[in-house]
Amino acid sequence: MSDNKKWFSLDLSSPKKQSTGSCGCGKTSGGCGSHTNDQISDEDFDAAVDAAIGEERKKDGFDQVFDVKMDRRTAFRQLTASLMIGAGAVSTSCSVTTGENTKEKAQIDWEEQFKGNYKLMTDEERNATVERLVRSYQLRKKKNINMSSQNAEKDVLFGYAFNISKCQGYMDCVSACVEENNQDRNSQMQYIRIHEMKDGKGLKFDEADDNYYHEVPAEGHFYMGTQCFHCDNPPCVDVCPVQATWREDDGLVVIDYDWCVGCRYCMAACPYDGRRFNWSTPKVPENEINKNQHYLGNRMRKKGVMEKCTFCVQRSRAGKNPACVDACPTGARIFGNLLDPKSTIRWVLENKKVFRLKEDLGTEPKFWYFMD
Amino acid sequence: MNKHILYILTCVFFCLFTLCSCKHGEGEYHNITDKIEAESKNYHGTSISSESLLEGIHTIEITEGKHTFLIPERKSKITSYACTECHSKPLSDMQNTEEAKKAHWDIKLTHADLNTMNCITCHNGADMNNLQSLTGSSIDFNRSYKLCSQCHSRQFEDWKGGAHGKKVAGWAPPRASMTCVNCHNPHKPGFETRWPSSYNTQKIKERE
């Protein structure tokens, strides 16, 4: 591990390893027939162990385990690394039964397991992890997806406005959001909630119905949508113990699903109920999966991680409107660049009577409400 | 002497306190409005553009007041335009004749009441290819918003600014906004009640 990579590498199928490896027959997959057992050579094994535990191997027994100064992260890494070498690498690197695909899968899983925080990655590292995820999906599902790691654009700050007088409660935004963002169909996770409120009672979220099913608009009611407000001073980001969530330069508050430990502190810290948790592995029928994905956006999540609205980062950074904005039949949703003085969102902020929810908390949401 | 040191120390602490207390999580700005104002001062546009999204959509550029933007072209979308291909004779000659083709028979005007509006509020029997304003001047079908804005002036202001209506493609410039008739049927402009497109049965279970 002399290079500056932020995770361990184990090149199971690199050409160099193949030519100098234990197998002299030159075959790249399967077995050559000359092996009597499933073990890698001493030389390779030593190198791998060196990579994993390095210095500690000179010590012995009890000392090796307990008499070492390291932080928890390093300890966990090294322990897992050793285990992986024992269980994974040995069985896959030179097995007679495993094929090229299995090796590649193991290689990808290895790299993915020990990759760094997306926020700290260089552009090359970001591209690399996206390539690995695409390849991994290809190997597992035999389908191609398109994943982007596009960064925030300079001079862009995304903002959103919601017209309370226009929303009719059709919930087209909700279903468009679920489809666009590959949300779990089993638990029916939804980022957007539309609150049906009584006229003349003010904004009473505790008395509002956010799961109505009758003909809309219902008489004597108005509708108000909430979702992640992409606060400029987001409390969810402050409480994250592992910095798996942060605010991007274009104002989007995003999550690295691979770094999230699922503690749900952010869920508790959000004053707007903008965050959702995956209690089970999200399930989306294969033909309904949106294959136009972004690393920070709608790529498939796993069990035990947080997710939320990203203003459809996969769309917005490509110049498109978020799916909810496009789906709204009433034009109640307005999206744009707050830094562009000629943008429509700026006109709304400057010419309509806008307000935000819980402004006194100082969270500075970039999601304004207004009326005709 | 001691008093002097104490005085200086107090001053230093006070300065430090004021400096620290003004610090917010959002960085150098006090609030988002300040941030938007400061950071958009030197705005020179971005590389993100809607042009590729607008490809294949026929638009025309309009300028209304301070606003210049694109709207979808309309005439090519009207199935039987030009109207004069059928309306070759005055209306009175075409009505009540047995050999005449029935057309527009299904249009019922549900827009304001009959005291305020009827067909000729917008259409001109003598010039079927164009619309007409309240004072009788001609309005092109591509610029039908001019007709609507005669009464709906408040909506027109909001539409020009971008608070009313929808964009054709993305948020990025060039701005292309849908025009009135892209969402509203001019003969029946109101939105109908209907059932929501989504219902969360899981949420019901969770809340039981």
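Everything below is about the structure printed above this text.
Residues numbered from 1 in each chain as written. Chains lettered and ligands numbered in written order. Predicted model: local features only at pLDDT ≥ 70, side-chain atom pairs only at ≥ 80, totals over all residues.

### Brief notes about the overall build of chain B
Condition: Secondary structure elements are taken from DSSP: a helix is a run of H or I of four residues or more, a strand is a run of E of two residues or more, and numbering for both begins at the N terminus. Exposure is read from a count of other C-beta atoms within 10 Å of each residue's own; the residue is exposed at 12 or fewer, buried at 20 or more and partly exposed in between. C-beta atoms are placed from the backbone. Residue pairs are scored as contacts if the distance between their C-beta atoms, which are placed from the backbone, is within 7 Å.
Helix and strand counts for chain B come out as eight helices and four strands. Starting at the N terminus, the α and β elements of chain B follow one another as α-α-β-β-α-α-β-β-α-α-α-α. Seen through its principal axes, chain B has C-alpha atoms that stretch 115 × 55 × 40 Å. The 208 residues of chain B split such that 14% are buried. Relative to all contacts within chain B whose residues are 6 or more apart in sequence, the contacts with residues 24 or more apart total 50%.

### Notes on helix H6 (residues 153-161) of chain B
Residues and elements named next belong to chain B. Taken together, the buried positions of H6 are occupied by Asp158, Trp159 and Lys160. Of the surrounding elements, those touching the buried residues of H6 are strand S1 (59-64) and strand S2 (67-72). Phi for glycine 162, located one or two positions after H6, is positive at around 110°.

### Concerning the pairing of strand S11 (residues 367-370) of chain A
Residue and element names in this part refer to chain A. Spelled out, the test is: Strand pairing is assigned whenever DSSP identifies at least 2 bridges connecting the two strands.
Burial along S11 is two-sided: Phe367 and Tyr369 facing one way and Trp368 and Phe370 facing the other are all buried. Across four bridges, the pairing between strand S2 (residues 158-163) and S11 is parallel. By the bridge assignment for S11, phenylalanine 162 is matched with tyrosine 369.

### Focus on the sheet that holds strand S10 (residues 333-337) of chain A
Residues and elements named next belong to chain A. This is how it is decided: To get an axis, a line is fitted to the C-alpha atoms, and for a helix only the part in contact is used. The angle between two axes follows their N-to-C directions and goes from 0 to 180 degrees.
Spatially, three strands are ordered S10-S2-S11 in an open sheet, and the strand pairing comes out mixed. The sheet is open, and its two edges are formed by S10 and S11, each paired on a single side. Across this sheet, the average inter-strand angle for adjacent strands is 20°, counted without regard to direction. Direction of pairing for S2 relative to S10: antiparallel, over a ladder of five bridges. Its bridge partner lying in S10, tyrosine 160 is registered against phenylalanine 335. On top of the sheet, helix H12 (residues 344-351) reaches S2, S10 and S11; it is set at about 110° to S10, its chief contact.

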